[in-house]
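# Overview (structure and organization)
Here's the letter readout for the chains.
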Amino acid sequence: MRSLVMRQIAGPLTVQDVDQPEAPVGGVVISVIATGLCRSDWHAWAGHDDIALPHVPGHEFAGVVVEVGPGVTGWAVGDRVTAPFVEGCGTCEWCLGGNAQVCPDQQQPGFTHWGSFAERVVIHAADTNLVAIPEGVSFEAAASLGCRFATAYRALTSRARLAAGEWVTIVGVGGVGLSAVMIAKALGGNVIAVDRNAAALDVAASLGADHVVVADGSDIPSKVQALTGGSHVSIDAVGSEQTCADAILSLRRRGRHVQIGLLPPVEGHPRVQMARVIAWELDVFGSHGMAAADYPGMLALIESGALQPQKLVERVIGLEEAAEMLPRLDSANVAGMTMIDPSY
């Protein structure tokens, strides 16, 4: 099968033929029809995750089951499916409690094993991790759910518990940030979108953001405080010392911050505005995707038209172009989501 292969950390990527995978016990093989290019893939390429080389990236996808392994009871060849980027083991207390996204024995395509930047991908513990794609939802829309959209949905609903009428500041409006804008508006929130990319801010405005703020080196928290008196909720959808600080310092007292973007260490440790967290009694939450068990509520909103993740897909590219784009994701000014069609 054609795959995008990584043979060294932060090195060139090549598209080549590799052996097709076989379905493991309890797992399935999926023919990938659409897979998203995400900043988390860049973190793996840059060496921020422990991966074994050679490696195939890619962790958010949608496709069709083509092989079913022994022990799988709920799925058959031909099923239209997607999956969260965290594959729970299906047997631990967290999986049994519906929180597979924090399973201590989790697998992650594109990180712990070969991912979806290929014509086929393996999913383990399929009965726990697969999600059926409704007929009215496109493969491109479904592929956006596995990481960015589902992460934003759970961050706002289960973690921050955003209420109608509250203000939320979203720092970074790439794929997950734009997802958060759309979801926050559907929940009745008021949104301030912050980004350095004017095109991304234009998309955020088109999705309903009430204010957009250009991250141009100026004092972002002061601008947010002037607009809102401080947000009730903030999200760092980028993952840097500066974006995390801007998000936290934009909050009002007793506000809630959700960290979605990965924070690479600075001088050995990520640095967070803990003095403000303590003095203003802020809540700080992590958000690590969403378990398959929580997808039905989100999918119902998509089927009803209240949420339209397909609007976030700005371009569809092939594997060769993805090999060129992935190393530049940390600095590229890309608006919306980029989907890969492995057949290109």
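For the structure itself, consult the block above.
In this report, the structure presented in the accompanying data block is examined. The structure presented is a predicted model; accordingly, all values stated were derived computationally and were not measured.

## With respect to the side chain of arginine 154
By the secondary structure assignment, arginine 154 is in helix α5 (residues 145-159). Put simply, arginine 154 is tucked away with no salt bridge, and the nearest opposite charge, on aspartate 294, sits 4.3 Å away. Look past the residues within four positions of arginine 154 in its chain and what remains in contact with it is Asn99, Gln101, Arg159, Ser287, Gly289, Met290 and Asp294.

## Let's talk about the packing of aromatic side chains
Scanning the entire structure with this criterion turns up 0 aromatic pairs. One Lys or Arg, arginine 80, reaches over the ring of phenylalanine 139 and ends 4.5 Å from the middle of that ring. Directly above the ring of tryptophan 280 sits arginine 276, whose terminal nitrogen or CZ lies 3.9 Å from the centroid.

## Focus: the sheet that holds strand β11 (residues 231-236)
Strand order in the open sheet made by the 6 strands is β10-β9-β8-β11-β12-β13, with parallel pairing throughout. Edge positions in the sheet fall to β10 (211-214) and β13 (283-286), since each of these pairs with one other strand and no more. Recorded for the sheet is a direction-independent mean angle of 20° between the axes of neighbouring strands. Relative to β10, strand β9 (residues 190-195) runs parallel, the two sharing 4 bridges. Opposite alanine 193, over in β10, you have valine 212 as the bridge partner. Contacts from helix α9 (residues 241-249) reach β8 (167-171), β11 and β12 (251-259) within the one sheet, and its direction differs from that of β12 by about 145°.

## With respect to the packing of α5 against helix α11 (residues 295-304)
One can describe the packing of α5 onto α11 by two numbers: an axis separation of 11 Å at closest approach and a directional angle of 95°. For the element pair α5 / α11, the angle class is roughly perpendicular. Across the interface between the two elements, Leu145, Gly146, Phe149, Ala150 and Tyr153 from α5 touch Tyr295, Gly297, Met298, Leu299, Leu301 and Ile302 from α11. Partitioned by chemical class, the residues of the contact of α5 with α11 number 9 nonpolar, 2 polar and no charged.

## Overview of the nonpolar core
Within the largest apolar cluster, 53 residues are counted, with the highest numbers of intra-cluster contacts made by Phe149, Val173 and Met298. One finds Leu13, Val15, Trp45 and Ala118 within the second-largest nonpolar core, a separate group that totals 22 residues.

## Regarding α11
Every buried residue belonging to α11 is among Tyr295, Met298, Leu299 and Ile302, and all of these are buried. What you see down the axis of α11 is that its buried residues fit within an arc of 95°, all on one side. Pointing more than 90 degrees away from the buried face of α11 are the exposed residues Pro296 and Ser304. Trailing α11 by a residue or two, glycine 305 shows a phi angle of about 95°, which is positive.

## Digging into the side chain of threonine 169
Mapped onto the fold, threonine 169 is located in strand β8. Given a relative accessible area of 0%, threonine 169 falls into the buried group. Residues in contact with threonine 169, not counting those within four places in the same chain, are Ile192, Val194, Val224, Ser231, Val233, Ser234, Ile235 and Ser250.

## So, the pairing of strand β1 (residues 2-6)
In terms of burial, β1 is largely enclosed, as 4 of its 5 residues are buried. Inspection of the sheet shows β1 paired to strand β2 (residues 13-17) by 5 bridges, in the antiparallel sense. Residue pairing for β2: leucine 4 is matched across the bridge by valine 15. The hairpin turn running from β1 into β2, its antiparallel successor, is 6 residues long, and alanine 10 in that turn takes a positive phi close to 60°.

## Thoughts on the packing of α5 against helix α6 (residues 175-186)
Their axes nearest at 8 Å, the elements α5 and α6 cross at an angle of 50°. Considered as vectors, α5 and α6 are oriented oblique to each other. Crossing geometry of α5 relative to α6 is assigned as right-handed. Contacts between α5 and α6 involve Arg148, Phe149, Ala152, Tyr153 and Leu156 from the first element and Gly175, Val176, Ser179, Ala180, Met182, Ile183 and Ala184 from the second.

## With respect to helix α8 (residues 220-228)
Taken residue by residue, α8 has Ile220, Pro221, Val224 and Thr228 as its buried positions. Projection of α8 onto a plane perpendicular to its axis shows the buried side chains occupying an angular sector of 95°, all on one side. In this fold, the buried residues of α8 make contact with β8, β9, β10, β11, α9 and β12. Glycine 229 sits one or two positions beyond α8 and adopts a positive phi of about 75°.

## A word on the pattern of salt bridges
For the structure shown, the criterion picks out 5 salt bridges. Residue glutamate 60 is joined to arginine 148 by a salt bridge in which the shortest nitrogen-to-oxygen separation is 2.2 Å. With glutamate 60 in the loop between α1 (39-46) and β4 (61-68) and arginine 148 in helix α5, this residue pair connects regions lying 88 residues apart in the sequence. Both residues of the pair, glutamate 60 and arginine 148, belong to the buried class. Linking arginine 254 and glutamate 281 is a salt bridge whose minimum nitrogen-to-oxygen distance equals 3.4 Å. Taken together, the positions of arginine 254 in strand β12 and glutamate 281 in the loop between α10 (274-279) and β13 put the pair 27 residues apart, joining distant regions of the chain.

Calculation rules
Residues numbered from 1 in each chain as written. Predicted model: local features only at pLDDT ≥ 70, side-chain atom pairs only at ≥ 80, totals over all residues. Heavy atoms only, no water. Helix = DSSP H or I, 4+ residues; strand = E, 2+ residues; numbered from the N terminus. Buried < 20%, exposed > 50% of the residue type's maximum accessible area, 1.4 Å probe, protein only. Lys, Arg positive; Asp, Glu negative; His and termini not counted. Salt bridge = Lys/Arg side-chain N within 4 Å of Asp/Glu carboxyl O. Contact = heavy atoms within 4.5 Å. Phe/Tyr/Trp six-rings, centres within 6.5 Å; stacked < 30°, edge-to-face > 60°. Lys NZ or Arg CZ within 6 Å of the ring centre and 35° of its normal. Pairing = 2+ DSSP bridges. Axes fitted to C-alpha atoms, helices over the stretch in contact; angles between N-to-C directions. Parallel < 35°, antiparallel > 145°, perpendicular 65-115°, else oblique. Nonpolar A, V, L, I, M, F, W, Y, C, P; charged D, E, K, R; others polar. Core = buried A, V, L, I, M, F, W, Y, C linked by side-chain atoms within 4.5 Å. Arc of directions from axis to C-beta. Left-handed = near helix turned anticlockwise from the far one by under 90°.

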